[in-house]
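Remarks on the overall topology
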Amino acid sequence: MNRRGTPTALKRLMTEYKELTTNPPEGITAGPISEDDFFKWEALIAGPDDTPYEGGIFPAIITFPKDYPLSPPVMKFTCKMFHPNVYADGTVCISILHPPGDDPNMYEHASERWSPVQSVEKILISVVSMLAEPNDESGANIEASKMWRSDRKQFEQIVRANTRETLGL
C-alpha cells in the first residue's frame, strides 16, 4: 500500500472509503483506483435529473494531498465537460475544493472553503449540485458561463451532445 501520505491521511481515506461503500449517495460511486494507492480515486457521477446532464455518467479522478484532510483534494473530470465551474482540462472549481482560510479574491467566505470536517462524500454531493446549478459568477470556463447566462438553449445542446458522447452514443 502506498504510504506517500501521513498515517492520519491514509486512515481517514480508508474510513471514508468504507463509509462510501456501505452507504453510497445516490448516483455516485467512488474509491481508490488501486489498492496500492489510496491517494488517487476514481469517481463516477450520474448526471442529475431534470438537467442537460441527465442520463450521463461522468468519470473523474480525485487526487488527495499527503496532508489530507488538512488540505483539499483536486477533482478532475476525465471526460469532456462543458460547465461554468469546470476548467477546460476537467478540473472542478468549487468553493469546497479551495484551500482553507480567507479567499484572496474576497469572493468566498472562509466557511465555504475546504476544512478538515469536509469529506469525499460532501465533495461529490457538492459536484452533483454544481452540475444542477452552476455558479456563473466565478466561472472557470468563461465561454460556458457566458452561454449559461445568455443562450441557455445552446448551452444545453452542447451539454447534451457531450453527455451522449460520454456514453458512447
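Higher on the page you've got the structure.
Residues numbered from 1 in each chain as written. Predicted model: local features only at pLDDT ≥ 70, side-chain atom pairs only at ≥ 80, totals over all residues. Heavy atoms only, no water.

1. Thoughts on the nonpolar core
Among the nonpolar cores identified, the biggest contains 40 residues, and Trp41, Met75, Phe77, Leu124 and Val127 are the most heavily contacted of them. Of all the elements, helix H2 (residues 120–132) adds the most residues to this core, at 7 residues. Those residues in contact with valine 127 that sit more than four places away from it in its chain are Ile45, Met75, Phe77, Val92 and Ile94. (Core = buried A, V, L, I, M, F, W, Y, C linked by side-chain atoms within 4.5 Å. Buried < 20%, exposed > 50% of the residue type's maximum accessible area, 1.4 Å probe, protein only. Helix = DSSP H or I, 4+ residues; strand = E, 2+ residues; numbered from the N terminus. Contact = heavy atoms within 4.5 Å.)

2. Side note on the sheet that holds strand S2 (residues 37–46)
The 4 strands are arranged S1-S2-S3-S4 in an open sheet whose pairing can be described as antiparallel. In this open sheet, the two strands that pair with only one neighbour each are strand S1 (28–34) and strand S4 (74–77). The mean angle between the axes of side-by-side strands here comes to 25°, regardless of whether they run parallel or antiparallel. Here S2 runs beside strand S3 (residues 57–63); their pairing, made up of 7 bridges, is antiparallel. Across the sheet, alanine 43 pairs through a bridge with alanine 60, a residue of S3. Of the strands in this sheet, S1 and S2 are in contact with helix H1 (residues 7–22), which crosses S2 at around 30°. (Pairing = 2+ DSSP bridges. Axes fitted to C-alpha atoms, helices over the stretch in contact; angles between N-to-C directions.)

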